[in-house]
Structure formats: structure tokens, C-alpha cells
Amino acid sequence: MSKYKFYWADTAALGLLLILLASKSMAGGTIETPPDDEASSDSRVEIIVTPAERNQILEEMRGLLEAVQTVIVANNAGDLDTVAVAGRKVGRANMTPHSAEFKDKLPMDFRKLGMDTHLRFDKLALGAEQSESTDQLSQQLGELMGNCVACHKTYRLTVQRQPL
Ligand code: HEC
């Protein structure tokens with residue numbers, strides 16, 4: 001009888017040990033979350049580009065910022081010629097050409113927003129050429145800048161890792 005009891009105590013102990021081991025490894029599995037990376041702290045859509053493509057986009061962006069600043073100052077001074085020139089400079093005709101390969105990397109909505117922004121600068125330039133009021137031009141610029149906000153909220157660039 002005592003032999004029989006011993007057998008069960010042994011099996012129970014072994015069972016308990018197995019349960020403990022299993023639960024420990026399961027707990028370990030749930031605790032091991034992936035380390036925080038950039039993506040988890042920024043939910044914007046990532047566009048993967050080469051360093052040269054990134055430079056091209058950012059250079060274009062700095063041109064847009066400069067245009068906005070020039071337009072605000074010139075419009076406030078009632079200098080509509082300068083507003084027109086600044087607008088045309090970032091209008092459709094002066095868009096930086098992108099290679100087909102580069103374009104393929106850009107989501108359609110991104111491209112549409114970009115194109116619409118250039119077209120709106122053309123419209124702003126046309127307004128200045130047609131002597132629209134300063135208030136109207138200022139209103140147009142504000143609306144155009146909705147595109148800057150929308151795109152920056154949605155997308156970010158990530159430089160593709162170069163093969164070693
Ligand atoms: C179609 C999308 C899109 C539109 C429209 C857009 N941007 Fe950008 N812009 C970007 C992206 C993408 C970046 C890079 C952001 C990142 O990687 O975090 C950027 C970066 C910039 C930068 C930083 C440049 C640098 O050298 O680091 C400036 C300044 C900027 N944008 C200005 C503007 C202004 C002003 C407008 C509107 C007149 C505008 N952008 C419209 C997509 C856009």
C-alpha cells in the first residue's frame with residue numbers, strides 16, 4: 001500500500017513540475033514582446049526610398065516652404081508680382097521629374113496630394129496675375145497648406161538599408 005502511495009505522489013510531483021515548466025515558458029513567451037522600434041512610436045505610412053530619392057523629396061519640400069514664406073511676405077506687402085513668381089516656381093511646370101522607378105514607390109494618394117499642391121500653387125499664381133485681393137490669396141494659401149498638413153500627417157520617408 002505504501003509503495004502504491006509513493007508512486008502516485010511521485011507522478012503528481014512530476015506532473016506539477018511539468019505544469020510549472022510549461023506555464024513558465026508560456027509566461028516567458030508573452031513577456032517577450034518585440035523591442036520598441038521607430039515604427040511602433042510613429043503610425044505614419046512608411047515610404048521606403050534610397051538616400052538620393054530622400055534628398056530629392058526633401059529639397060523639393062524646402063522649396064515649398066520657401067514659396068509659402070515668400071508668398072506670405074509678398075502678399076502682405078501687396079506685391080502680387082512676387083506672389084505670382086513664387087507660386088509658379090513650385091507650380092506644375094517646374095516640378096522635379098522623378099524616375100518611373102521612384103514614382104512606383106510612391107503611394108497613389110501621395111502622388112495625387114503632391115500634384116494637387118503644385119496645381120494649387122499655379123492657381124495661386126494665376127490669382128495674383130489676375131490681381132485677386134490679398135484676402136483671397138491668403139485664403140487660397142491657407143487652403144493649399146491643408147495639403148502640407150494632410151501629407152505630413154500620413155506619410156514619412158524611411159531610407160532603405162544599403163546592402164553591405
Ligand atoms: C504629397 C506629400 C507631401 C506634401 C503635399 C507636402 N509634403 Fe512636405 N514632406 C513630405 C514628406 C514625406 C516629408 C518627409 C517627412 C519625414 O520623413 O518625416 C516632408 C518633409 C518636409 C519638410 C522637411 C524638409 C527637410 O529638409 O527636412 C518641409 C520643410 C516640408 N515638408 C514642407 C512642406 C510644405 C510647406 C508643404 C506644402 C506647401 C509640403 N511640405 C507638402 C511630404 C509632403
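Up top is the structure.
Okay, so let's go over this structure. This is a predicted model, so every value here is computed, not measured.

### As for the nonpolar core
- Of all hydrophobic cores here, the largest spans 15 residues; its most connected members are Val71, Val83, Phe121, Leu124 and Ala128.
- Contributions of two or more residues to this core are made by helix H2 (51-76), helix H3 (80-89), helix H5 (108-129) and helix H6 (134-154).
- Non-local contacts of Ala128, meaning those with residues more than four positions away in its chain, are made with Leu80, Val83, Ala84, Gly87 and Leu137.

### What about H5?
- Taking 1.5 Å of rise per residue, 22 residues should cover 32 Å, and H5 covers 31 Å from first to last C-alpha, within 8% of that figure.
- What H5 keeps buried is the set Thr117, Arg120, Phe121, Leu124, Ala125, Gly127 and Ala128. Each buried residue of H5 lies within a common arc of 160 degrees when the element is viewed along its axis, so the set occupies one face. Opposite the buried face of H5, by more than 90 degrees, sit the exposed residues Met108 and Arg111.
- Looking at the buried side of H5, the elements it contacts are H2, H3 and H6.
- One or two residues past the end of H5 sits Ser131, with phi positive at roughly 55 degrees.

### Focus on the site of the ligand
- Taken together, 18 residues lie near the ligand, and Met61, Gly114, Cys148, Cys151 and Leu157 sit nearest.
- Those elements giving two or more residues to the shell around the ligand turn out to be H2, H5, H6 and strand S2 (155-159).
- Per element, the largest residue contribution to the shell around the ligand is 6 residues, and it comes from H2.
- Of the residues assigned to the shell around the ligand, the class counts are 12 nonpolar, 4 polar and 2 charged.

### A closer look at the environment of Gln56
- Its place among the elements puts Gln56 in helix H2.
- Spatially, the C-alpha atoms of Gln56 and His98 are 8.9 Å apart, while their sequence positions differ by 42 residues.

### Details of the packing of H2 against H3
- Axis separation between H2 and H3 bottoms out at 8 Å; the angle between their running directions is 165 degrees. On the basis of the axis angle, H2 is roughly antiparallel to H3. Two packed elements cross with a definite hand, and for H2 against H3 that hand is left-handed. Residues Ala67, Thr70, Val71, Ala74 and Asn75 of H2 touch H3, and the partners they reach there are Thr82, Val83, Ala86, Gly87 and Lys89.
- Classifying every residue of the contact of H2 with H3 by side-chain character gives 5 nonpolar, 4 polar and 1 charged.

### Some details on the packing of H2 against H6
- Following both chains from N to C, one finds H2 and H6 inclined at 160 degrees, their axes separated by 10 Å at the closest point. Overall, the two elements H2 and H6 adopt an arrangement that is roughly antiparallel. The handedness of the crossing between H2 and H6 is left-handed. Of H6, the residues touching H2 (which contributes Val68, Val71, Ile72 and Asn75) are Thr134, Leu137, Ser138, Leu141 and Met145.
- Each residue belonging to the contact of H2 with H6 can be placed in one class, and the counts come to 6 nonpolar, 3 polar and no charged.

What counts, and where the lines are drawn
- Residues numbered from 1 in each chain as written.
- Predicted model: local features only at pLDDT ≥ 70, side-chain atom pairs only at ≥ 80, totals over all residues.
- Core = buried A, V, L, I, M, F, W, Y, C linked by C-beta atoms within 7 Å.
- Buried ≥ 20, exposed ≤ 12 C-beta atoms within 10 Å, placed from the backbone.
- Helix = DSSP H or I, 4+ residues; strand = E, 2+ residues; numbered from the N terminus.
- Contact = placed C-beta atoms within 7 Å.
- Expected span 1.5 Å × (residues − 1).
- Arc of directions from axis to C-beta.
- Near = placed C-beta within 6 Å.
- Nonpolar A, V, L, I, M, F, W, Y, C, P; charged D, E, K, R; others polar.
- Axes fitted to C-alpha atoms, helices over the stretch in contact; angles between N-to-C directions.
- Parallel < 35°, antiparallel > 145°, perpendicular 65-115°, else oblique.
- Left-handed = near helix turned anticlockwise from the far one by under 90°.

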